[in-house]
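If you want the building blocks of each chain, they are given just below.
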Amino acid sequence: MDNHHHYHHPSQPPPQLTSAKSSRQRYNEWIFRDVPSDITIEVNGVMFALHKFPLVSRCGRIRRLVAEHRENAISKIELVSLPGGTETFEQAAKFCYGINFEITSSNVAQLCCVSDYLEMTEHFSKRNLGSRANEYLDTVVTKNLEMSVEVLKQSENLLPLADDLKIVTRCIDAIASKACVEQIASSFSRLEYSSSGRLHMSRFKGEPDWWIKDLSVLRVDFYQRVMNAMKCRGVRPESIGESLMSYAEKELTGLHNQNKKVEARGGSGHEGIVVEAIVGLLPVEKLAVPLSFLFGLLRAAVMLDCSVACRLDLERRIGSQLDLATLDDLLIPSLRHGDDTLFDVDAVHRILANFSQQDDSDDDDMEDDDGDGDGFESDGPDSPSQSALVKVSRLIDSYLAEIAPETNLKLSKFIAVAESLPAHARTVHDGLYRSIDVYLKAHQGLSEFDKKKLCKLIDFNKLSPEAGAHAAQNERLPLPAVVQVLYIEQLRLRNALCCNYPEENLKPPMHHQSWRINSGGLSAAMSPKDNYASLRRENRELKLELTRLRMRLNDFEKEHVCMKRSMQKSNSRNFMSSFSKKIGKLNMFGHGSSSRGSSSPPSRHSERTDSKVISRTD
């Protein structure tokens, strides 16, 4: 189909025109060779020497101006703020003279506006420029998505007239409708029959929509209107998201290329307007855009000091799918001045709050529906599963370890981030212990009270054996925490022995709790200095006892293997009798042989320690 319209006067051949140029500015003088010009039109400082009759026969505005000055025989008219400038007026003048020219997608918007400005309507002449330009717009441009985008781009410099003449609206509706029709057609092409004979949509993801790049040339306000129209027409959220990413890549390239720290320029700048517009256009569906793109928008919003509502919206969206984030995503730079941290910890705290609130609300819904109170185990589309909670807990522990070395990181902020997750999110506390240890190492000036407050975050029962062994020898931890770790380690060893030898019926002593109280907090009558010395001495004794118990456990395991092999060879009563006697000789906390490899008697210090432990545990 021919996309260009050619026009010339039907009754006579095109007149021959001459042109002249002055040294100061472009000067067009259109005259018939045998008829001199009788009127001069000035447009943006450029003079057009023309004739009244061709102009007044088609232009209502010029006819009215000539009629108003009929007595004075006006010879010069200045057209102020003519849309399209001198080139568009030249085309309109050629139309009046019947000179051939083309209407295309690159000039149709200008011709529609200049014809309205000059009043080139059907009232003054049949098939005038206004009707022909609008006909081309409706029959050619709106049937083609690329041409509609081009006309919409041309209309950016013709506002508000282009909007008043519905040029912008017609192009936007055409773009949205065409994009929707093409997606429906592509969806039909993906239909296929399954092995059971049912019709279903194939999972193959085709190429991105070709029009996505074309829309990136539009101005932000026009782009907003196009995206909103596409949403109303039902264009897929994935396509909307891809278009938003393409537009952001084009408009926000300067932010990514800046290596130096950018000062906040306010959301009134072009980049800030673009970021807020894109955030407002984000689809409500999850995974319509990658999570990394949302974090990129959040960094840009912080950098450009966008509105609070914009940043909170991004944080809410990120919080709903935080289990897909990485550590690099959470390292959002902070651009505040003064003694602030390098990374924006407050933003991460709010994101975590959104994630936890979502979890809590979903738990409440599950309790209302099922009455079992186990909502966090649900794997529904909107409810974070337990696996998602575990992923987020590991991510946050890694984040805390990353920001812990910052000297300006306040203890309250560190604790607030660590406490943002529910208690059931962390199944293992190794990561949390590591981050707290890094914080203690970087902030050695913390008081004992602050150290105890920090260590209350750790559930020492959830530490792995390796982490427990490290904590037992960690001098940065407060002494009560170390004692608690040693106590738990001793319980683990005792339980392990009970599992290996159930016939011994080794039951835990009934007064462990009192021993812990005596170990962790001595009598208030003692002076603080004596109290501290006693705790340190008891700590050393517990460490020695723990080492001795581990050695005995290794010996018991070797004995157990040897006895099991012997039992497989002989089932006689004599062997069982000797086995019982051998077991009876083993004393877990007594004065028996501590190690098979050790033949020397225990030292006086060891005997005192053993007797002390026996008095507390027997």
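Residues numbered from 1 in each chain as written. Predicted model: local features only at pLDDT ≥ 70, side-chain atom pairs only at ≥ 80, totals over all residues. Heavy atoms only, no water.

### Quick notes on the overall build of the protein
Regarding its fold elements, the protein presents 27 helices and 8 strands. In the protein, the proportion of contacts linking residues at least 24 apart, taken out of those at least 6 apart, comes to 69%. Carbon and sulfur atoms make up 51% of the accessible area of the protein, which amounts to about 33300 Å² in all. (Helix = DSSP H or I, 4+ residues; strand = E, 2+ residues; numbered from the N terminus. Contact = heavy atoms within 4.5 Å. Areas by Shrake-Rupley, 256 points an atom, 1.4 Å probe, with all protein chains shown as cover.)

### Points about unusual backbone geometry
Cis peptide bonds are those with omega within 30 degrees of zero, and the linkage from Leu159 to Pro160 qualifies with 0 degrees. Summarising the element assignment, Pro160 is placed in the loop between α6 (145-154) and α7 (161-164). Here the phi dihedral of Asn44 falls at roughly 50 degrees; this positive angle occurs in a residue that is not glycine. Tracing the backbone shows Asn44 in the loop between β3 (39-43) and β4 (46-50). We classify Asn44 as exposed; its relative accessible area is 55%. Phi is positive for Arg127, close to 50 degrees, though the residue is something other than glycine. We classify Arg127 as partly exposed; its relative accessible area is 41%. (Buried < 20%, exposed > 50% of the residue type's maximum accessible area, 1.4 Å probe, protein only.)

### Looking at the nonpolar core
Membership of the largest hydrophobic core comes to 154 residues, with the highest contact counts inside it found for Ile41, Phe89, Leu118, Leu215 and Met230. Non-local contacts of Leu118, meaning those with residues more than four positions away in its chain, are made with Cys59, Gly60, Arg61, Leu79, Leu82, Phe89 and Ala92. (Core = buried A, V, L, I, M, F, W, Y, C linked by side-chain atoms within 4.5 Å.)

### Concerning the pattern of salt bridges
Tallied over the full model, the rule gives 16 salt bridges. We note a salt bridge from Asp305 to Arg311, for which the minimum N-O separation is 3.6 Å. Connected through shared salt-bridge partners, Asp313, Arg316 and Arg317 make up one network. (Salt bridge = Lys/Arg side-chain N within 4 Å of Asp/Glu carboxyl O.)

### Some thoughts on the packing of aromatic side chains
Tallied over the full model, the rule gives 4 aromatic pairs. The interplanar angle of 80 degrees and the centroid separation of 6.3 Å between the aromatic rings of Phe95 and Phe101 together place this pair among those described as edge-to-face. We classify Phe95 as buried; its relative accessible area is 5%. The positively charged end of Arg61 is found above the aromatic ring belonging to Tyr117, 4.1 Å away from the centroid. Its guanidinium or amino end placed over the ring of Phe222, Arg219 lies 5.4 Å from that ring's centre, counting from NZ or CZ. (Phe/Tyr/Trp six-rings, centres within 6.5 Å; stacked < 30°, edge-to-face > 60°. Lys NZ or Arg CZ within 6 Å of the ring centre and 35° of its normal.)

### Focus on the environment of Leu314
Structurally, Leu314 is set in helix α15 (residues 308-319). Of the residues examined, Leu314 reaches a relative accessible area of 0% and is grouped as buried. Sequence separation between Leu314 and Val279 is 35 residues; the distance between their C-alpha atoms is 7.2 Å. Not counting residues up to four positions away in its chain, the partners in contact with Leu314 are Val279, Leu282, Leu294, Leu297, Leu298 and Ala301.

### A few points about the packing of helix α18 (residues 386-403) against helix α20 (residues 430-442)
Packed helix pairs are characterised by how far apart their axes lie and by the angle those axes make with each other. Between α18 and α20, the least distance of the axes is 8 Å, while the angle of their chain directions is 10 degrees. Between α18 and α20, the angle is such that the two are roughly parallel. Across from Asp397, Leu400 and Ala401 in α18, the residues of α20 making contact are Gly431, Leu432, Arg434, Ser435 and Val438. (Axes fitted to C-alpha atoms, helices over the stretch in contact; angles between N-to-C directions. Parallel < 35°, antiparallel > 145°, perpendicular 65-115°, else oblique.)

### Details of the side chain of Asp313
Along the chain, Asp313 falls in helix α15. Judged by relative accessible area, Asp313 falls into the buried class, the value being 18%. Of the polar contacts made by the side chain of Asp313, one reaches the side chain of Arg316; its length is 2.7 Å. (Polar contact = N/O pair within 3.5 Å; in protein donor to acceptor, adjacent residues only side chain to side chain.)

### Points about α20
For α20, which comprises 13 residues, the first-to-last C-alpha distance of 18 Å matches the rise-based estimate of 18 Å (1.5 Å per residue) to within 8%. Taken together, the buried positions of α20 are occupied by Leu432, Tyr433, Ser435, Ile436, Asp437, Tyr439 and Leu440. In this fold, the buried residues of α20 make contact with α18, α19 (411-418), α21 (448-455) and α22 (465-472). (Expected span 1.5 Å × (residues − 1).)

### Quick word on helix α13 (residues 270-281)
With 12 residues, α13 extends 17 Å between its outermost C-alpha atoms, agreeing within 8% with the 16 Å of an ideal straight helix rising 1.5 Å per residue. What α13 keeps buried is the set Gly272, Val274, Val275, Ala277, Ile278, Val279 and Leu281. Tucked into the core, α13 has its buried residues touching α10 (220-233), α11 (237-251), α14 (291-303) and α15.

### A few points about the pairing of β3
The buried fraction of β3 is high, at 4 of 5 residues. Of the pairings in the sheet, the one linking β3 to β4 comprises 5 bridges and is antiparallel in character. Within β4, the residue paired with Thr40 across the bridge is Ala49. Taking the residues that link successive antiparallel strands as the turn, the β3-β4 hairpin has 2 residues, and the phi of Asn44 there is positive, at about 50 degrees. (Pairing = 2+ DSSP bridges.)

### Description of the environment of Ile103
Its location among the elements puts Ile103 in strand β6 (residues 101-103). On the accessibility criterion, Ile103 (0% relative accessible area) is buried. Along the primary structure Ile103 and Gln91 are separated by 12 residues, whereas in three dimensions their C-alpha atoms are 9.6 Å apart.

### Points about the side chain of Ser464
Of note, Ser464 is situated in the loop between α21 and α22. Setting aside chain neighbours within four positions, we find Ser464 in contact with Asp430 and Arg492.

### Notes on the packing of α11 against α13
At a closest axis distance of 11 Å, the pairing of α11 and α13 adopts a crossing angle of 175 degrees. Considering the angle they form, α11 stands roughly antiparallel to α13. Listed contacts from α13 to Ile240, Leu244, Tyr247, Ala248 and Glu251 of α11 are His270, Glu271, Val274, Ile278 and Leu281. Looking at the contact of α11 with α13 residue by residue, the classes come out as 7 nonpolar, 1 polar and 2 charged. (Nonpolar A, V, L, I, M, F, W, Y, C, P; charged D, E, K, R; others polar.)

### Some remarks on the environment of Asp305
Structurally, the position occupied by Asp305 is in the loop between α14 and α15. Under the relative-accessibility criterion, Asp305 is labelled partly exposed at 39%. When the C-alpha positions of Asp305 and Gly269 are compared, they lie 9.9 Å apart, and in sequence the two are 36 residues distant.

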